[in-house]
Amino acid sequence: MSPKSVVFKKICKDKSVAVYMGKRDFVDRVDSVEPVDGVIVIDSEALQGRKVFVTLACTFRYGRDDMDVMGVAFRRELYLSTRQVYPPLQDREKGIHTKTQARLLRKLGNNAYPFFFEFPDNLPCSVALQPAPNDVGKQCAVEFEIKAFSADSQDAKVRKRSTVALMIRKVQFAPEDEGMAPSVEITKDFVMSEKPLHVKASLDKEIYYHGEPIKVHVNVTNTSNKNVKNIILSVDQVSTVVLYSNDSYVKCVDIEDSGDSVSAGATLQKDYTLLPLLANNRERRGIILDGKLKHEDTNLASSSIIKEGVLKEVLGIIVSYKVTVKLIIGGMMGSSEIGLEVPFKLMHPKPDAVRWRRRWCSRSSSAPT
């Protein structure tokens with residue numbers, strides 16, 4: 001994530017408007033979202049009497065900019081809000097909402113003006129489809145953008161030279177309160193067997209952090225007369241495009257073909273470890289990633305946490321994860337499968353929690369024995 005001490009600056013080509021922001025990542029805490037704030041610096045001579053506006057936009061893009069059908073572009077604005085910054089509509093001091101704004105205004109002088117937006121609670125987080133190696137241009141993504149421009153009015157035609165845009169991200173961190181550790185079990189009866197096959201799969205917890213190994217506990221009690229020929233485990237990313245189609249796509253992001261077998265009348269208790277990483281899936285098209293800023297790396301998309309009561313249709317892309325445990329059963333008529341799906345969440349820890357854990361670990365390691 002972007003360091004708090006950095007100030008991001010971008011200026012339009014005709015030098016009339018510049019945007020300054022203290023951060024570009026804004027946290028969605030489910031019940032509330034961090035507001036977007038910054039400062040606009042204007043050059044009154046370059047403006048030549050024009051007004052200055054700033055917009056916050058959320059766009060769902062499901063095709064490249066150069067693709068269109070019958071003049072309709074493959075993009076849809078989920079949210080758009082516009083503010084007039086100059087001439088100011090209120091006293092400058094009343095427009096200051098954060099310490100970062102106040103510090104920037106003191107440093108940038110009298111030609112600097114604050115802006116402030118609050119996110120509605122029904123917008124998705126920043127995500128993007130991983131393109132194929134040969135894909136060019138922007139692909140399917142949910143994107144957020146701050147754009148400042150000068151024009152005679154809000155609805156007037158805007159010149160590109162008088163426009164400056166800065167990409168931002170809406171992100172979610174793992175909640176403090178975890179649910180129960182997920183566990184799934186199934187009992188399978190067979191036509192030619194008096195007794196069944198029982199399988200249980202469980203995880204240690206509900207939420208895992210990006211880069212953290214996932215330990216899967218598998219317990220097989222095979223009282224049937226069938227033989228389990230193999231056990232295959234995978235981590236699957238499920239992405240649901242809810243805006244226009246409600247289609248779901250399942251992509252395997254890690255797999256283990258164990259080769260373990262369980263003969264009739266036998267049992268198996270074993271722990272398997274899976275590790276879903278973008279580093280192992282960079283060539284796979286169709287995987288959803290967390291939104292990224294220019295020149296920054298990213299990771300597999302975090303699980304979507306949705307506020308109760310919010311319409312899913314406006315969320316663009318919903319991401320979830322599951323561990324799939326598949327048993328291959330041998331038989332006279334050929335092999336069959338038994339599958340269990342154990343849902344879990346894959347997310348980033350809160351930065352404060354990471355710093356606290358590091359301090360606690362350093363104190364523990366330096367304590368006298």
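Residues numbered from 1 in each chain as written. Predicted model: local features only at pLDDT ≥ 70, side-chain atom pairs only at ≥ 80, totals over all residues. Heavy atoms only, no water.

Identification of the protein as S-arrestin from Parambassis ranga is taken from an unreviewed UniProt entry. Here the protein is described in UniProt, under the heading Sequence similarities (unreviewed entry), as follows: "Belongs to the arrestin family." (UniProt positions renumbered as here; feature names shortened; annotations may be inferred.)

To continue, consider the overall build of the protein. A tally of helices and strands in the protein yields three helices and 22 strands. A burial count over the protein gives 43% of its 369 residues as buried. Relative to all contacts within the protein whose residues are 6 or more apart in sequence, the contacts with residues 24 or more apart total 66%. Of the roughly 20300 Å² of accessible surface on the protein, 50% is carried by carbon and sulfur atoms. (Helix = DSSP H or I, 4+ residues; strand = E, 2+ residues; numbered from the N terminus. Buried < 20%, exposed > 50% of the residue type's maximum accessible area, 1.4 Å probe, protein only. Contact = heavy atoms within 4.5 Å. Areas by Shrake-Rupley, 256 points an atom, 1.4 Å probe, with all protein chains shown as cover.)

Moving on to the sheet that holds strand β15 (residues 207-209). With mixed pairing, five strands are arranged side by side in an open sheet as β15-β22-β21-β17-β18. Only two strands of the sheet have a single partner each, and these edge strands are β15 and β18 (247-257). For this sheet the average axis-to-axis angle between neighbouring strands, irrespective of direction, equals 35°. Pairing geometry for strand β17 (residues 228-241) and β18, over 10 bridges, is antiparallel. Opposite L233, over in β18, you have E256 as the bridge partner. (Pairing = 2+ DSSP bridges. Axes fitted to C-alpha atoms, helices over the stretch in contact; angles between N-to-C directions.)

Before going further, it helps to spend a moment on the pairing of strand β9 (residues 112-117). With six of six residues buried, β9 is to be regarded as a mostly interior element. Along β9, one buried face is formed by A112, P114 and F116 and the opposite face, lined by Y113, F115 and F117, is buried too.

This part covers the packing of aromatic side chains. Enumeration according to the criterion identifies seven aromatic pairs in this entry. Between F53 and F149, the aromatic rings sit 5.5 Å apart at their centres with planes inclined by 25°, giving stacked as the arrangement. With F53 in strand β5 (residues 51-61) and F149 in strand β11 (residues 141-151), this residue pair connects regions lying 96 residues apart in the sequence. Of the two residues, F53 and F149, both sit in the buried class. Judged by centre distance (5.9 Å) and plane angle (90°), the ring pair of Y208 and F344 falls under edge-to-face. (Phe/Tyr/Trp six-rings, centres within 6.5 Å; stacked < 30°, edge-to-face > 60°.)

Relative accessible area serves as the criterion here: at 5%, F149 is assigned to the buried category. As for F149 and V52, which are separated by 97 residues in sequence, their C-alpha atoms are 5.7 Å apart. For F149, the residues in contact, after removing those within four places along its chain, are V17, K51, V52, F53, T55, Q154, V158, S162 and T163.

Another point: the nonpolar core. V36, F115, I146, V323 and L327 are the most contacted members of the largest nonpolar core, which has 70 residues in total. With seven residues, the single largest contributor to this core is strand β21 (residues 317-329). Taken domain by domain, this core gets at least three of its residues from each of domain 1 (8-172) and domain 2 (183-349). Residues within four places of L327 in sequence aside, it is in contact with L197, V199, V220, V228, N230, I231, S336, E337 and I338. Judged by nonpolar contacts, the second largest core, of seven residues, contains A18, V41, L105 and A112. (Core = buried A, V, L, I, M, F, W, Y, C linked by side-chain atoms within 4.5 Å. Domains from an automatic or database assignment.)

This part takes up the sheet that holds strand β13 (residues 183-188). With antiparallel pairing, four strands are arranged side by side in an open sheet as β13-β14-β16-β19. Each edge of the sheet is formed by a strand with only one pairing partner; in this case those strands are β13 and β19 (267-274). Averaged over all pairs of adjacent strands, the angle between strand axes in this sheet comes to 15°, irrespective of strand direction. Alignment of strand β16 (residues 214-222) against β19, held across eight bridges, turns out to be antiparallel. Each residue of the ladder has a partner; that of V220, found in β19, is L268.

Applying the stated criterion to the full structure yields 11 salt bridges. In this structure, K345 and E206 form a salt bridge, with 2.8 Å as the shortest nitrogen-oxygen distance. With K345 in strand β22 (residues 336-347) and E206 in the loop between β14 (197-203) and β15, this residue pair connects regions lying 139 residues apart in the sequence. Judged by relative accessible area, which is 24%, K345 ranks as partly exposed. (Salt bridge = Lys/Arg side-chain N within 4 Å of Asp/Glu carboxyl O.)

Here we come to unusual backbone geometry. With an omega dihedral of -10°, the bond running from Y86 to P87 counts as a cis peptide bond. In this fold, P87 is placed in the loop between β8 (75-86) and α2 (99-108).

In this section: the environment of V220. When you line up the elements, V220 lands in strand β16. For V220, a relative accessible area of 0% translates into the label buried. Along the backbone, V220 and K270 are 50 residues apart, and their C-alpha atoms lie at a distance of 8.9 Å. Look past the residues within four positions of V220 in its chain and what remains in contact with it is L197, H198, V199, I231, V262, A266, T267, L268 and L327.

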